[in-house]
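Each chain is listed here by its residues.
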Amino acid sequence: MQPNLTTAGNGAATIPGRQPFAGGGKEYTAEEVQQVVAALGEPFDPREIKWRVTNTSSDRRRGQMMPYADPRAYTDRLNELFTVRGWTRDYVVQTINNVERRIHDATQIAGKLVVTCSVTIHGLGTHAGMGEEWADNENAGTAAEAQAFKRACTCFGLGRYLYNIEGGWVDLDERKQPKYLPKLPDWAIPKGHHVNGKGPRPLNQPTANGHQASRAGHSIDSAALQARIGALADQVGYSLSRSVLMAVAKAEAADQVAPACLAAVTEKLEDTLRGLERLRAVTLVVGQQRYSQLCRELNFASASLDDIPDRKGLRMLLDTLEKEAATIARQLNGSFRPPRNGAPADATGATAANELGEARNALVKEARRVAQLRQLKVSEVVDRAAKGAFTLANLHRATIAHLGVIQKATEILRKVS
């Protein structure tokens, strides 16, 4: 499954047509390091990937699934590339006592097992990772050891791609188990495999659209992907796009993204753009003032979308504001749903803004008519029709969540003759 590399009897990795890499004495050349790192970074066979529920919705009917691989997959990759003599690992185990642990609404004093794993690949170097688990878990040692080992391996790039896969939300059954599993993104499928998991396809076999199959089993036009990344970066904004490029590809600009990372960067930027669309929609509900206030609380440079520093910051904005929007909607007997993935950028927000503006104008128009008819102030007419939901003075701050209330007030006034 690993192209370009074979293993020599001395436990060192080799590339066809080249001399074996040194098993511990000779340092790798820059070219050899690049090739070994690329082989380490290849995705695992999809059959090695497992999923677990890491988060659930408030009603516990949906769960967020995250992928992971068993430590054996990491060990098999290292053995395949370097043989059992080409790498080693060492563990240091510590126990920490008297740690305060929160369980639901209570706290208790417990112990913790901490494991540090150092993985050495001869000729490349050593990296360490740490794992931890509560001591009352009967499998604490196994869990902490596996966590530490895999974290050390990711420092070499092995299994690192799994961190770039965002968990999908799926329906849970009555036992809180997933009814189905998410699909791996195309770029996380190893070379020579169909993306639908039906088996390998020769790398040079044309695909249905006539293009040659890529190493990942699907057609990739590097130039087209780079152009797409550039366009997405412009839409997402400087700070967010740069954080994605650095996190996924260690690149400062679109033209610096390595070919192997193009698909992953594209997918991550597209997901970030969908997040911005959700943010624009929810801001119409909570109001620009609340959005700006939250940006200040998070210590952003400004309330501009360009100053959202990274995807973590975007996620914090969405998590907070979407909860507030749902609360506002419930209070006003309405509803709020984030725009669906794939909706055109700004389409949801632009439509809602136009509808809100038209509703405000219609209310003020009817209020003026009634005020003239009954010899009242316009503000007094609006206040009575709104029944405390808003006033004429703060009507300009009403959000899309107030749309239903504004429309009801307008209908009340239309009946006045």
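As shown above, the structure is provided for reference.
Counting of residues starts from 1 at the beginning of each chain's written sequence and follows it residue by residue. Given that this is a predicted model, residues contribute local features only at a pLDDT of at least 70 and side-chain atom pairs are listed and counted only at 80 or more, while totals for whole chains, interfaces and linings are drawn from all residues. The side-chain numbers reported here are obtained from all heavy atoms of the structure, hydrogens and water having been left aside.

Can you walk me through the overall build of the chain in this structure?
Helix and strand assignments follow DSSP, with helices taken as H or I runs no shorter than four residues and strands as E runs no shorter than two, numbered in order from the N terminus. Within the chain one finds 11 helices and 8 strands. Each residue's exposure class comes from its accessible area (1.4 Å probe, protein chains only) as a fraction of the maximum for that residue type: buried when under 20%, exposed when over 50%, partly exposed otherwise. For the chain, the residues scored as buried account for 42% of the 417 residues in total.

Could you clarify how one ought to interpret the sheet that holds strand E3 (residues 49–56) in this entry?
Neighbouring strands of a sheet are bound in pairs by backbone hydrogen bonds; such pairs are parallel or else antiparallel. Strand pairing requires that DSSP identify at least two bridges connecting the strands. As summarised here, the arrangement of the 3 strands in space is E3-E4-E8, forming an open sheet in which the pairing is antiparallel. Looking at strand neighbours, the two that pair on one side only are E3 and strand E8 (168–171), the edges of this open sheet. Pairwise comparison of adjacent strand axes, ignoring direction, gives a mean angle of 45 degrees for this sheet. Pairing geometry for E3 and strand E4 (residues 62–69), over 7 bridges, is antiparallel. Angles run from 0 to 180 degrees between N-to-C directions of axes, and those axes are lines fitted to C-alpha atoms, restricted for helices to the stretch in contact.

How should the packing of aromatic side chains be read in this particular structure?
Centres within 6.5 Å make a pair out of two Phe, Tyr or Trp rings, where for Trp the six-membered ring is used; the pair is then stacked when the planes are under 30 degrees apart, edge-to-face when over 60, and tilted otherwise. Counted according to the given criterion, the structure contains 4 aromatic pairs. Seen from their ring centres, Tyr74 and Phe149 are 6.3 Å apart, and the 65 degrees between their planes marks the pair as edge-to-face. Here Tyr74, found in helix H2 (residues 71–82), pairs with Phe149, found in helix H3 (residues 140–154); they are 75 residues apart in sequence, far enough to count as distant. For the pair formed by Tyr74 and Phe149, the shared burial category is buried. Counting every residue linked through ring pairs, the aromatic cluster contains Phe44, Tyr74, Trp87, Phe149 and Tyr161. Here, a charge over a ring is recorded when the distance from Lys NZ or Arg CZ to the ring centre is within 6 Å and its angle to the ring normal is within 35 degrees. Its guanidinium or amino end placed over the ring of Trp134, Lys112 lies 4.5 Å from that ring's centre, counting from NZ or CZ.

Just to check I follow, could you spell out H3 for this structure?
Residues that lie three or four places apart on an α-helix share one face, since the helix turns once every 3.6 residues. Helices are assigned an expected span. That span is 1.5 Å times one less than the residue count. With 15 residues, H3 should reach 21 Å at 1.5 Å per residue; the first-to-last C-alpha distance of 21 Å fits that figure. Those residues of H3 lying buried are Ala140, Ala144, Ala146, Ala148, Phe149, Lys150, Ala152, Cys153 and Thr154.

What should I look at first to understand the packing of helix H10 (residues 378–386) against helix H11 (residues 403–414) in this one?
Geometrically, a packed helix pair is captured by the angle between its two axes and the distance between the axes. It is the contact of H10 with H11, at a shortest axis distance of 8 Å, that shows an interaxial angle of 115 degrees. Relative to H11, the element H10 is oriented roughly perpendicular. Handedness of the crossing formed by H10 with H11: right-handed. Packed against H10, whose contacting residues are Val381, Ala385 and Ala386, the element H11 presents Ala409, Ile412 and Leu413 at the interface. Tallied by class, the residues present in the contact of H10 with H11 amount to 6 nonpolar, no polar and no charged. Angular relationships are summarised with four words: roughly parallel below 35 degrees, roughly antiparallel beyond 145, roughly perpendicular across 65 to 115, and oblique for the angles in between. Take the far helix as the reference: if the near one is turned anticlockwise from it by less than a right angle, the crossing is left-handed, and if turned clockwise, right-handed. We call two residues contacting when some pair of their heavy atoms lies within 4.5 Å. Amino acids outside the nonpolar list (Ala, Val, Leu, Ile, Met, Phe, Trp, Tyr, Cys, Pro) and the charged list (Asp, Glu, Lys, Arg) are all regarded as polar, and Gly is one of them.

Got a minute to help me understand the pattern of salt bridges in this structure?
In what follows, salt bridge is the name for a side-chain nitrogen of Lys or Arg lying within 4 Å of a carboxyl oxygen of Asp or Glu. Within the structure shown, the criterion is met by 14 salt bridges. Note that Glu322 and Arg278 form a salt bridge whose closest N and O atoms lie 2.8 Å from each other. With Glu322 in helix H8 (residues 311–331) and Arg278 in helix H6 (residues 262–286), the pair connects residues that are 44 residues apart, well separated along the chain. Residue Glu322 is classed as buried on the basis of its relative accessible area, which comes to 14%.

Could you clarify how one ought to interpret the nonpolar core in this entry?
Soluble globular proteins: nonpolar side chains tend toward being buried together. For this analysis, a nonpolar core means a set of buried residues of the types Ala, Val, Leu, Ile, Met, Phe, Trp, Tyr and Cys, connected via side-chain atoms within 4.5 Å. Core analysis: the largest hydrophobic core is formed by 68 residues, its most contacted members being Leu40, Phe44, Leu78, Phe82, Leu279 and Ile308. Ranked by residues supplied to this core, first place goes to H6 with 11 residues. Residue contacts for Leu78: discarding those within four places in its chain leaves Leu40, Thr83, Trp87, Ile121, Phe149, Cys153 and Leu158. Formed by 20 residues, the second largest nonpolar core is a distinct cluster that contains Ala359, Leu395, Val405 and Ala409.

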